[in-house]
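# Commentary on secondary and tertiary structure
Each chain, letter by letter, is given below.
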Amino acid sequence: MDKLCFYSNTPAAVSMFRTANYVFINGGTFTENHQHHQITSFAVSAIDRLIEAASLGALYNSGERFDPPKCHPNTRTAVLQKLISWFIGKFGRDNFVLWLYGPAGTGKSAIAQTFAELCAQKNRLLASFFFSRTDLKRNNEKNFVTTLAYQLWSHISESRPIIEAVINNNPAIFQLNFDTQFRTLFLNPLLQLSSAGRFTSGTPFPNLIIIDGLDECYGADVQNTILNTISNALQHHPSALPFRFLIVSRPEHHLTTSFSITPLHSLTFRLVLDDTYQSFEDIWIYLTDSFRDIRETHIMRAHLLDSWPSEEDITKLVVKSSGQFIYAAMVIRYVSSPQCNPLDRLKVIQGLLPVNDDKPYAQLDALYINILSDVKDVKTVLRILGMAFVLTKIKVAPLAVNNLERFMQLTPGTVQLLLIDLLSVVDASDNNKPIKFLHASFTDFLIDPTRSCQFFIDPSKSHEEAVNFCICAIESLDIATPVLKLAYWSLLKHLPLAGPLHDNATLREKEFSQTEELYIYHRGILDQNLRKCLASIPMNPCLAFWTAVSASGILESGQLVPWEIFWGLSNPLAVDLSASVPGFLFCASFDQIKVHSHWPQFAWHFLYRITGTPYLQMVREFLNDPSRAGPHAVDQLTYTTAAVFMVDFAVSAWYTTKFTSGEQWDFIWDTFAFTLSRAGYSAELVNTFGKQNLTFNLGRPGTNVRHRVQTLFGAVRNYVLKSNGSNPSPFRIIINWIQFPGDYVGNCFTAEDLDNDGGPWRVFYVDESILPSNQDTHEPAGK
């Protein structure tokens, strides 16, 4: 039999036959011959060693990434166009890096894949690396540089001798650290090509490098090292390296920090995947097209109507996706299974049929479990998420992060610190805003024990814990806490959701068996707090006025009462508002503003609403119940003192704190008329109203001008009638709302004066002709 001489320079052959001279294949057997020839070694080429050290599965067109996620046709067009515009230099010419980031499941990898394919078609893609935390060759930095070097070797032929020389001169290069590998295998070859004029010769060359899923590379320090190495290279060689990097990741805290520090900050254009890029519209298109494909290709297509699913069904799925493509893709993958009935499977997704053993949310669950597995203090994190979830479920205004910390008795800053590893699914970045769940499906996962397993949040336990926090807030005797309103408002809502009272240790210790008993007990604590706070303020007309306002319920209408009103109607001699205005009757942060301070830098009342809150109703009930308020209960004497206070304000000359305008005067007109209608006899009031030239220096109301003037005049007339016991002599009231002193009084009011659109601003008088012909007006406008 002829002898076949077999030569091989593959790594496997070299390892097997390193000491062999010739290898003869004889009848299926191998024979080593060492008798007459010297031993020679097989040489492995540099490119073979480079390929062995690289991770070819990380390439955009790798066979290992079969059917990678890509953008559905006619979707993500806006963000793709933005990437193209950046790449071709329509904007950000000095931004050599574009950071595309967004929450988990927003389709970042699909965008990166689609953009890679578009650029590869134009021969503009130099290299790509798609990290994956589940692939041992794609979840670390060890194969990263070699993979980039291999693609450089493949796409720019002039680089081949340079890279091969590096490997031949230093065979151990693949075992050296990241910085050395990047510099010798990738950066230096590019610099040599640049110095030789390769990138200025006019010959086209690929110049885009895509790094996808950087957050899936193991180790935050490694991820930062990769970013720092790239940014340093671009900073020191900006003209020699005409390349652009597209880096795609979740907005992890350490990455956000790295991109915020020089030099990377100045080199980077940030592109966040938010609602700006119409993800909801894109998901609608994707779902509509995918369901059409199911109707046309599924084995049960004869049983699928053209109207299935309905537009309402698709809309609900779009809303449920929360802008996350991963949810929509999961739905289609589950419903389109050829072995199952798509009608039934969609009903499972909709919650109309029970979930069997097919685990429709397996991909989502794996994502959430992976994210939560990286959380350090996961027990406390789940408590925080559970509390945020149940507070939303009882339909109360969600607490801002700082107030949630107060409610849960956590150290300030704890929530943001603990949730720092969950930025891809929840947003707690703003201390003055509530925690935001970026995925609606994430909360579904957390409260389903079959899905979340060790990360399960039991809503009844969270409600029970909320009950305990409510009780602690109520019993704290700290009336000036913004969570007190929540505690009183939500306590009775949490109780039935927390299970039987006898199962709650905190409630059992107090021996309460009925929710009514618990409510009465804690209402007594509120009463104790209010009496204590009211007793700390010396009695004065200003205090009487504001307690009368609270007892009247005027503020419960929801009309806006800005800080200017509180300043203008406070004691001008007081050091701060709390000395004359019982701010705790309205909201917790009232006492933070000084009387003589200038207008705040921002409109405080737009952030913390004073009016229209349930807390005001509780205070009103307290003040009108002598058995609860005791000596602080509001009675006719209180309204009389309040009316005297308002009359003094109205007849006083114009001064700085009286200057206000528009609808801000509505509250003053309404309160003046209302307190006067409830007032008893006062010699001071009778004497004031008996003056021949009674002048009210009040600004023009913003709305219902005629009715408010009628109401106030009617209240004055009725008070004089009640005090004198007979019809008053004809009298008039001078109205000066021009907001500066004026001696000239024009004729009686005209229709234009009382026009809501604003007539001539002048000093005029009103008399009984202002009243409606059929009745007097007793109540303030809107009351």
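Given the structure is predicted, the values throughout are model-derived calculations rather than measurements.

### Let's talk about the sheet that holds strand S8 (residues 268–272)
- A sheet is described by the order of its strands in space; here five strands give the open sequence S5-S6-S7-S4-S8, paired in parallel fashion. Since the sheet does not close on itself, it has two edges, and those belong to strand S5 (125–130) and S8, each with one partner. For this sheet, the mean angle separating the axes of adjacent strands, direction not counted, is 15 degrees.
- As defined by bridge partners, S5 adjoins strand S6 (residues 208–212) across five bridges and the pair is classed as parallel. Looking across to S6, one finds that Phe129 is bridged to Ile211.
- Those strands touched by helix H3 (residues 77–87) are strand S4 (97–101), S6, strand S7 (244–249) and S8, and its axis lies near 150 degrees from that of S7.

### Observations concerning the sheet that holds strand S12 (residues 733–736)
- Pairing in this open sheet of three strands is mixed, and the strands run S11-S12-S13 from one edge to the other. Both outer strands of the open sheet, strand S11 (695–696) and strand S13 (763–766), are each paired with one neighbouring strand and no more.
- Bridging between S12 and S13 involves four bridges; their strand directions are antiparallel. If you follow Ile734 over to S13, its bridge partner there is Tyr765.

### Quick word on the packing of helix H31 (residues 666–678) against helix H33 (residues 705–724)
- Contact geometry for H31 and H33: axes closest at 9 Å, N-to-C directions at 20 degrees. The angle between H31 and H33 falls in the class roughly parallel. Judged by the twist between their axes, the crossing of H31 over H33 is left-handed. Every residue of H33 that contacts H31 at Asp666, Trp669, Asp670, Phe672, Ala673, Leu676 and Ser677 is listed here: Arg708, Val709, Thr711, Leu712, Ala715, Val716, Tyr719 and Lys722.
- When grouped by side-chain class, the residues that make up the contact of H31 with H33 number nine nonpolar, two polar and four charged.

The rules behind each value
Residues numbered from 1 in each chain as written. Predicted model: local features only at pLDDT ≥ 70, side-chain atom pairs only at ≥ 80, totals over all residues. Heavy atoms only, no water. Pairing = 2+ DSSP bridges. Helix = DSSP H or I, 4+ residues; strand = E, 2+ residues; numbered from the N terminus. Axes fitted to C-alpha atoms, helices over the stretch in contact; angles between N-to-C directions. Contact = heavy atoms within 4.5 Å. Parallel < 35°, antiparallel > 145°, perpendicular 65-115°, else oblique. Left-handed = near helix turned anticlockwise from the far one by under 90°. Nonpolar A, V, L, I, M, F, W, Y, C, P; charged D, E, K, R; others polar.

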